[in-house]
Amino acid sequence: MADIHIDDFYRDVAIIFLRLYSVFPRKTTLYVEDICGPDEPDEFGLHHPRFQAGFSAMVWLAEQDYIAFEETIRSEALDQVTLTRKSFLLLSAIDNSVHDEADERPPSVKEYSGTRITSLRQALHSGSSIHLHHSVSELLAHPPIGDA
């Protein structure tokens, strides 16, 4: 049985990181529907499990010190969100798994295209859940620069 909820989690994490990196160091409001799509609460006002999972992914990232926020807006958004130092260093670091000695591009281009954020962006755009799984799990498995 496929663990589709884990594939969704990896996709949510990638989108969260990409959105926050694109506005770093500014704080922003991060809406669940921007991460996993719009939702129509049921007759009791409860969100769809997929929507709840998107919100839970954001909260989990905060609990694990990947993002920081000031408050929740119901269960629909996090307010004043930013990447932590840990995440910024992880995303900005060179991804050694894509290092290519034969690459003849200028050093600045090679360095930018070899960062983990670029790898994450490419994984998300590829549409491959396997590529995305690998990219996000690599990020979550590595300690940031300067940590043991």
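Our structure's up above, just so we're on the same page.
The structure reproduced in this document is the subject of the present report. (Residues numbered from 1 in each chain as written. Predicted model: local features only at pLDDT ≥ 70, side-chain atom pairs only at ≥ 80, totals over all residues. Heavy atoms only, no water.)

### Examining the packing of helix α1 (residues 4-23) against helix α3 (residues 49-63)
The description of two packed helices rests on the angle between their axes and on the distance between the axes. Basically, it comes down to this: Where helices are involved, their axes are fitted lines through C-alpha atoms of the stretch in contact, as for all axes, and angles between N-to-C directions lie from 0 to 180°. For the purposes of this entry, the term helix denotes a DSSP run of H or I that reaches at least four residues, the term strand denotes a run of E that reaches at least two, and both are numbered from the N terminus. Comment on the angle field: the value is read as roughly parallel under 35 degrees, roughly antiparallel over 145, roughly perpendicular from 65 to 115, and oblique elsewhere. A crossing counts as left-handed when the near helix is turned anticlockwise from the far one by less than a right angle, and as right-handed when that turn is clockwise. The contact rule is simple, with two residues in contact once any of their heavy atoms fall within 4.5 Å. Each residue gets one of three labels, nonpolar for Ala, Val, Leu, Ile, Met, Phe, Trp, Tyr, Cys and Pro, charged for Asp, Glu, Lys and Arg, and polar for the others, Gly among them.
One can describe the packing of α1 onto α3 by two numbers: an axis separation of 10 Å at closest approach and a directional angle of 55 degrees. Compared by their axis directions, α1 and α3 come out oblique. Crossing hand, α1 versus α3: right-handed. In contact with D8, F9, D12, V13, I16 and F17 of α1, α3 contributes R50, A53, G54, A57, M58, W60 and L61. For the contact of α1 with α3, the per-class residue count stands at 9 nonpolar, 1 polar and 3 charged.

### So, the pattern of salt bridges
Threshold: Just to be clear on terms, a salt bridge is a Lys or Arg side-chain nitrogen sitting within 4 Å of an Asp or Glu carboxyl oxygen. Accessible area is worked out with a 1.4 Å probe on protein chains only. A residue is then buried under 20% of its type maximum, exposed over 50%, and partly exposed in between.
Counted according to the given criterion, the structure contains 4 salt bridges. D8 is paired through a salt bridge with R50; the nearest N and O atoms lie 3.5 Å apart. Taken together, the residues span a long stretch of sequence, with D8 in helix α1 and R50 in helix α3 at a distance of 42 residues. On the basis of relative accessibility, which here comes to 24%, the residue D8 falls in the partly exposed class. Here R50 makes a salt bridge to D12, at a shortest N to O gap of 2.6 Å. Residue R50 is found in helix α3, and its partner D12 is found in helix α1; the two are separated by 38 residues along the sequence.

Worth remembering: the numbers are spatial, not functional.
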